[in-house]
Amino acid sequence: SLGRSLDNDTNSANARGKVVCEVLMEQDPKGNITKLVTHGTLSDGSVYTSTNLMDDTVSNCIGTTLTTHNVLSGMSNESRSLLEDVISKDKCVLSWQVKLKLDDGRYLVSAYQGFNVWNAITMID
């Protein structure tokens, strides 16, 4: 999955498409937060749900930087093709930051250049 915010809904306030993100918390009877997840919809319509962010076993690659090669190698053929088209068209060199580990084992990553923002869902080795 690949979303390029500025390509979608130009009628929205920032021309960033219809993006939704919600943070959900669960608490125990004492009021301690026991579960924290995010879920939402990317600008291309892809729906995602994170793993429990309170879980100590969540991958320690969250917040790290990946090269475009790393991101491409973990994507589906269709999404890979879309990203390669964007890169060649815009002549951009992108650094990707890992945002979330998703509940299906893939990762939500994001890159930006100026006011252009790209989101992708990929596997990480």
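Computed from a predicted structure; not experimentally measured.

Peer 1: Would you mind going over a nonpolar patch on the surface with me for this structure?
Peer 2: Taken together, the side chains of Val23, Met25, Ile33 and Met54 make up a nonpolar region of the molecular surface, amounting to roughly 370 Å² of accessible area. Checked against the element boundaries, methionine 25 lands in strand E2 (residues 20-27).

Peer 1: Before we go on, may I ask you to explain the environment of tyrosine 48 in this structure?
Peer 2: As for its placement among the helices and strands, tyrosine 48 is situated in strand E4 (residues 47-49). Note: C-alpha distance between tyrosine 48 and arginine 106 (58 residues apart in sequence) is 9.9 Å.

Peer 1: What is the right way to read the confidence of the model for the chain from this model?
Peer 2: Residues shown with low pLDDT carry predicted positions that ought not to be read at fine detail. Per-chain confidence: the chain averages 78 in pLDDT, with 78% of residues scoring 70 or above. Looking over the chain, one finds the lowest element-wise mean pLDDT in strand E1 (residues 2-4), namely 47, and the highest in strand E3 (residues 33-41), namely 89. Below pLDDT 50 for its whole length, residues 1-10 participates in 48 contacts with residues either more than four positions away or in separate chains.

Peer 1: Explanation requested: the pattern of salt bridges in the structure shown.
Peer 2: Pairing between side chains of opposite charge can happen when the charged atoms of each approach one another. Following the criterion strictly, the structure yields one salt bridge and no others. The partner of aspartate 104 in a salt bridge is arginine 106, with the nearest N and O atoms 2.8 Å apart. What makes aspartate 104 partly exposed here is its relative accessible area of 44%.

Definitions and cut-offs
- Residues numbered from 1 in each chain as written.
- Predicted model: local features only at pLDDT ≥ 70, side-chain atom pairs only at ≥ 80, totals over all residues.
- Heavy atoms only, no water.
- Patch = residues over 30% accessible without salt bridge, like charges linked within 9 Å, V, L, I, M, F, W, Y side chains within 5 Å.
- Areas by Shrake-Rupley, 256 points an atom, 1.4 Å probe, with all protein chains shown as cover.
- Salt bridge = Lys/Arg side-chain N within 4 Å of Asp/Glu carboxyl O.
- Helix = DSSP H or I, 4+ residues; strand = E, 2+ residues; numbered from the N terminus.
- pLDDT = per-residue confidence, 0-100.
- Contact = heavy atoms within 4.5 Å.
- Buried < 20%, exposed > 50% of the residue type's maximum accessible area, 1.4 Å probe, protein only.

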